[in-house]
2 protein chains.
Amino acid sequence: MTASPSDDRPRPASIRDVAEAAGVSITTVSHALNGKGRIAASTRERVRRAAKEIGYRPSASARSLAGGRTGLLALSVSSPTDLLLSLADVDYFMQLTNAATITALEAGYALVTLPVAKDESLLTRVNVDGAVIVDPVARDPSIAHLRERGVPVVTTGRELGSEERGWWVDNDHRASTRWALDHLEAQGAKRVALITGPPIVSYSADLIAAYTGWCAERGYEPLTETVTRSATEAGGYAAATRLFTRSPPPDAIYVGLDRLALGALLAAQARGLSVPGDVLLAACTDSAASRAADPPLTAVNLGPERIGHAAAEMLIDLVEGREPAEAHRVMPVELVVRDSTERMAARV
Amino acid sequence: MTASPSDDRPRPASIRDVAEAAGVSITTVSHALNGKGRIAASTRERVRRAAKEIGYRPSASARSLAGGRTGLLALSVSSPTDLLLSLADVDYFMQLTNAATITALEAGYALVTLPVAKDESLLTRVNVDGAVIVDPVARDPSIAHLRERGVPVVTTGRELGSEERGWWVDNDHRASTRWALDHLEAQGAKRVALITGPPIVSYSADLIAAYTGWCAERGYEPLTETVTRSATEAGGYAAATRLFTRSPPPDAIYVGLDRLALGALLAAQARGLSVPGDVLLAACTDSAASRAADPPLTAVNLGPERIGHAAAEMLIDLVEGREPAEAHRVMPVELVVRDSTERMAARV
DNA sequence: GGTTTATCCCAAAACGCTTTGGCGAAGTCA
DNA sequence: TGACTTCGCCAAAGCGTTTTGGGATAAACC
């Protein structure tokens, strides 16, 4: 049978029913079930059984109302000026979200995934106990809003301009960039270019800073293309095409997002350039598409599950009034070398 | 300033504060703000202004408790026997989810994305007003659970065995399969094979049925491989490899999921078979990876946004006690022809 | 002028839980 | 034995809404 909208079924068991069934007061039931007050073990057990027996499920609303917490956490991508980065990296976001969802559920919270909020009120309309903001852009009004209301916020990636304040989880993008650049150099690259988004999010800024520093150390002139419109294949294609018209053109490109990299790959191949024969290509984020590309792309695995887990964990600490062990957590990364940067690799 | 966990800020404005500010009772405030009772236009306006002035935001918990609704909708992938299909199709799922989230928010609901629930209690732990279940497997206990509790459920894809009951949104997979198969035939295929998951979800069953029927009409012997383990590239690779050992081997493969198709592509190329030269390849779902593959894969675009939107819309109708216009909605699909099935296409 | 009918608003009762403060009974110590 | 303490439980006061069932007042009708 499907449930008809106008079904009137018996109302669900309440704490009062449990109290009656167990022959105690509702106070005792509440305490017994939540492990709060001082309750004899036998009583606790009796209450538990009674609750189970009659299929008691506490009402989240009542609990929130009385306890002051909703049990909801928000996870949102910060609102960029436009849709630039939204869903730029589906795989990354999905894995991060999944890990955070699971962590939240294990702690008794539900995680609401809010989309990029053009309308800042979205984040304020749903009543959440805390929020994870992925890749915050500096001075995001909706983050400020949340903080004003006393809602704890953990960001993945730092808020540029207020690095020390706030709680965040991040990768060490500077280190990973150097790692990748060194790898490209070791594979024989003489002129490494960078394609990235604008430095409105911390990882783009980190990439640019690390790249610039790396070039300076070697006396190279930086060769950078910034994608400002859409961080999709098309954007990467255009940026790479521009790079190839420089003289001398780059013989290796490090790209900030996997979709940009896939676009860059197309651009190279469209010009008859072989990857990795003529140009080496590596990306800062990994994905199924990068793995499946021809040739498969060397990429930095940022460990999105770790990030999502850590962020949720930190947020829950904050929500429950515990001081997190560290205000800032830097998570490890891993360079996954694939054919796109292997000079020795056989071309398919 | 970041919010410290032990911040004690003034408690947020309640309906009582608004009532006081506007010089009316809380009943009037409630009615004015929700457009319920009969309120003089002037009073309504005065209340609205007062509410805005003091920054009143109704408490979702209190509202749920009193009104009996939580304002939460769940979206979940049905629990398959194992992780078989979970996230098989990230792109599809993501787009569907996003559309549903937006639709929900526009109607004043928040959408909670619940992960594949090994533990059936997950779906029951969060108190939701309704649930969208993506690709339900037959007799999923958590769906039954929800229905028992009177929680409306809309599925995307049908529940096999109870097709007529229940509300669902689906694609016409039989039609799209025939479309794709006809296309393969038109491109010269003489022996078309099928790779798909086991028929525990309706679209797999539809694919198999449509394929079998199509073969029967032509007097062909069906050539099917079922992926039972994991619907990833590896699974597709293995299935395709098995197909190529048949004699005669297929000269075209229609694949149920994009990741399986990408695996099949790898398998073909690993055996030195050219796509589309020696084997045509088409997939039932589209994705960025399919587009970016070499060659790009012909695929059926199922319109996940449309599905997500329609499902959320239908669910909200049910939650709010309206009878949806139709109990079953079949959404259009589109065959996107790319190089992998173009006999005429130049090989890269 | 009295009766009816609209109109606008309000008091009070839920909704189901958490938490505070307290009260007997039983145990402990001298 | 009395004075404390600890233990095990409970009554009652919220938490911030929605909703029900009127009650004033004003307008309309005869």
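Definitions and cut-offs
- Residues numbered from 1 in each chain as written.
- Chains lettered and ligands numbered in written order.
- Predicted model: local features only at pLDDT ≥ 70, side-chain atom pairs only at ≥ 80, totals over all residues.
- Heavy atoms only, no water.
- Near = heavy atom within 4 Å.
- Polar contact = N/O pair within 3.5 Å; in protein donor to acceptor, adjacent residues only side chain to side chain.
- Helix = DSSP H or I, 4+ residues; strand = E, 2+ residues; numbered from the N terminus.
- Nonpolar A, V, L, I, M, F, W, Y, C, P; charged D, E, K, R; others polar.
- Axes fitted to C-alpha atoms, helices over the stretch in contact; angles between N-to-C directions.
- Parallel < 35°, antiparallel > 145°, perpendicular 65-115°, else oblique.
- Contact = heavy atoms within 4.5 Å.
- Buried < 20%, exposed > 50% of the residue type's maximum accessible area, 1.4 Å probe, protein only.
- Pairing = 2+ DSSP bridges.
- Core = buried A, V, L, I, M, F, W, Y, C linked by side-chain atoms within 4.5 Å.
- Buried area = accessible area lost by both parts, 1.4 Å probe.
- Salt bridge = Lys/Arg side-chain N within 4 Å of Asp/Glu carboxyl O.

## Quick word on the protein's contact with DNA strand D
The local shell around DNA strand D holds 26 residues, among which A:T27, A:T28, A:T43, B:I15 and B:S30 are the closest. Within 4 Å of the protein, atoms of DNA strand D come from sugar and phosphate in 51% of cases. The separation between a phosphate oxygen of DNA strand D and a polar main-chain atom of A:S25 is 2.8 Å. Within the side chain of B:N34, a nitrogen or oxygen atom sits 3.0 Å from a phosphate oxygen of DNA strand D. Put simply, the parts of the chain that give the surface near DNA strand D at least two residues each are α2 (26-34) and α4 (60-67) of chain A together with α1 (15-22), α2 (26-34) and α4 (60-67) of chain B. Tallying contributions element by element places α2(B) first for the surface near DNA strand D, with five residues. Per-class residue counts for the surface near DNA strand D are 11 nonpolar, 10 polar and five charged.

## So, the packing of helix α5 (residues 90-106) of chain A against helix α5 (residues 90-106) of chain B
Put simply, α5(A) and α5(B) touch, their axes get as near as 10 Å, and they point 70° apart. On the basis of their axis angle, the class for α5(A) and α5(B) is roughly perpendicular. Of α5(B), the residues touching α5(A) (which contributes A:V90, A:D91, A:F93 and A:M94) are B:V90, B:D91, B:F93 and B:M94. Classifying every residue of the contact of α5(A) with α5(B) gives six nonpolar, no polar and two charged.

## Observations concerning the pairing of strand β2 (residues 110-114) of chain B
All names here are of chain B. Buried residues dominate β2, accounting for five of its five residues. Covered by surrounding structure in β2 are A110, V112 and L114 together with L111 and T113, the residues of both alternating faces. Bridge count between strand β1 (residues 72-77) and β2: five bridges; the pairing is parallel. Residue pairing across strands places L75 opposite T113, the latter belonging to β2.

## Describing the nonpolar core
Core analysis: the largest hydrophobic core is formed by 152 residues, its most contacted members being A:L184, A:I195, A:Y254, B:L184, B:I195 and B:Y254. In terms of nonpolar packing, the next biggest core, distinct from the first, is built from 28 residues, A:A74, A:L114, B:A110 and B:A131 among them.

## Things to note about unusual backbone geometry
Residue and element names in this part refer to chain A. A cis amide bond, omega 10°, links V275 with the succeeding residue P276. Tracing the chain through its elements places P276 in the loop between α11 (258-270) and β9 (280-283). With phi around 50°, D135 is a residue other than glycine that occupies positive phi space. Position of D135 relative to the elements: it lies in the loop between β3 (130-134) and α7 (141-148).

## Some points on the protein's contact with DNA strand C
Close contacts around DNA strand C come from 25 residues, with A:I15, A:S30, B:T27, B:T28 and B:T43 the closest. Within 4 Å of the protein, the contacting atoms of DNA strand C are 53% sugar and phosphate, with bases supplying the remainder. Separating a phosphate oxygen of DNA strand C from a side-chain N or O atom of A:N34 is a distance of 3.0 Å. Between DNA strand C and B:A66 there is a distance of 3.4 Å, counted from a base oxygen to a backbone nitrogen or oxygen.

## Digging into the side chain of B:S287
All names here are of chain B. Along the chain, S287 turns up in the loop between β9 (280-283) and α12 (288-292). Only 2.6 Å separates the side chain of S287 from the side chain of D258, close enough to count as a polar contact. Not counting chain neighbours up to four residues away, the residues in contact with S287 comprise D91 and D258.

## Here's the deal with the interface of chain B and chain A
Many analyses report the size of an interface as the accessible area lost when the parts associate. Opposite the 56 residues of chain B that make contact, chain A presents 55 residues. Between chain B and chain A, a total of about 4,400 Å² is buried, with carbon and sulfur atoms accounting for 65% of that surface. Joining chain B to chain A, the criterion identifies zero salt bridges. On inspection of chain B and its partner chain A, the count reaches one residue pair in polar contact (both at pLDDT 80 or more).

## Concerning the sheet that holds strand β7 (residues 224-226) of chain A
All names here are of chain A. Here six strands make up an open sheet; going across it, the order is β7-β6-β8-β9-β10-β12 and the pairing mixed. In the strand order of this sheet, the two ends are held by β7 and β12 (334-336), each with one partner. Neighbouring strand axes in the sheet, compared pairwise and without regard to direction, differ in orientation by 20° on average. Here helix α8 (residues 173-186) sits on the sheet and contacts β6 (192-196), β8 (252-255), β9, β10 (298-301) and β12; the angle it forms with β8, its principal contact strand, is near 160°. Packed on one face of the sheet, helix α10 (residues 233-245) meets β6, β7 and β8 and runs near 150° to β6.

Treat this as a map of the structure, not an account of what it does.
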